[in-house]
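# Topology and contacts: notes
Below, each chain spelled out in residue letters.
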Amino acid sequence: PREEVVRLFAELRLPLLRYLQTLSVSIADGEDIAQETFLALFRHLLAGKPRDNLNGWVFRVARNLALKRIQQNLVAPV
């Protein structure tokens, strides 16, 4: 799974960061979310879970993490 994650990271990192920016996520938060997403992907593959449409999986997980981060930022005191 390591090689597959490295390949997908190289292929999807920049498009993923651009997508996260469209969700109004800061660049720093986008980088964190991308790292969390690819770590989750590595764990997903290690667990032997489905490999169908991994590109879609990556974007869906990143979106969910971004929405969670946005929610936390709204609730957190400034």
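Relevant structure appears above.
Thresholds applied
- Residues numbered from 1 in each chain as written.
- Predicted model: local features only at pLDDT ≥ 70, side-chain atom pairs only at ≥ 80, totals over all residues.
- Heavy atoms only, no water.
- Helix = DSSP H or I, 4+ residues; strand = E, 2+ residues; numbered from the N terminus.
- Contact = heavy atoms within 4.5 Å.
- Core = buried A, V, L, I, M, F, W, Y, C linked by side-chain atoms within 4.5 Å.
- Buried < 20%, exposed > 50% of the residue type's maximum accessible area, 1.4 Å probe, protein only.
- Axes fitted to C-alpha atoms, helices over the stretch in contact; angles between N-to-C directions.
- Parallel < 35°, antiparallel > 145°, perpendicular 65-115°, else oblique.
- Left-handed = near helix turned anticlockwise from the far one by under 90°.
- Nonpolar A, V, L, I, M, F, W, Y, C, P; charged D, E, K, R; others polar.
- Phe/Tyr/Trp six-rings, centres within 6.5 Å; stacked < 30°, edge-to-face > 60°.
- Expected span 1.5 Å × (residues − 1).

Moving on to the side chain of His 44. Here His 44 shows up in helix H2 (residues 27-46). Setting aside anything within four residues of it in sequence, one finds His 44 in contact with Lys 49, Pro 50, Leu 54 and Trp 57.

Leu 8, Leu 16, Leu 20, Ile 33, Phe 38, Leu 41 and Val 58 are the most contacted members of the largest nonpolar core, which has 19 residues in total. Elements with a contribution of two residues or more to this core: helix H1 (2-22), H2 and helix H3 (54-75). With seven residues, H3 is the largest single contributor of residues to this core. Not counting residues within four places of it along the chain, the set of residues in contact with Ile 33 comprises Leu 20, Val 25, Ala 62, Leu 65, Ala 66 and Arg 69.

What follows is about the packing of H1 against H3. Where H1 contacts H3, the two axes come as close as 10 Å, and the packing angle between them is 50°. When the axes of H1 and H3 are compared, the pair comes out oblique. Every pair of crossing elements has a handedness; the one defined by H1 and H3 is right-handed. Residues Glu 4, Leu 8, Glu 11, Leu 12, Pro 15, Leu 16, Tyr 19 and Leu 20 of H1 pack against Leu 54, Asn 55, Val 58, Phe 59, Ala 62, Arg 63 and Ala 66 of H3. Residues of the contact of H1 with H3, tallied by class, amount to 11 nonpolar, one polar and three charged.

What the rule picks out here adds up to two aromatic pairs. For the pair Phe 9 and Phe 38, a centre-to-centre distance of 5.1 Å together with 80° between the ring planes defines the contact as edge-to-face. One end of the pair, Phe 9, is in helix H1; the other, Phe 38, is in helix H2, and 29 residues separate them in sequence. The partly exposed category is assigned to Phe 9, whose relative accessible area is 33%. Ring geometry for Tyr 19 against Phe 59: centres 5.5 Å apart, planes inclined by 65°, an arrangement best described as edge-to-face. Of this pair, Tyr 19 sits in helix H1 while Phe 59 sits in helix H3, and the two are 40 residues apart along the sequence.

Right, let's talk about H2 for a bit. Along an α-helix, residues three or four positions apart point the same way, because every turn accommodates 3.6 residues. Helix length check: H2 (20 residues) gives 29 Å between terminal C-alpha atoms against 28 Å at 1.5 Å per residue, within 8%. Contact partners of the buried residues in H2: H1 and H3. Gly 48 sits one or two residues past H2 and shows a positive phi near 75°.

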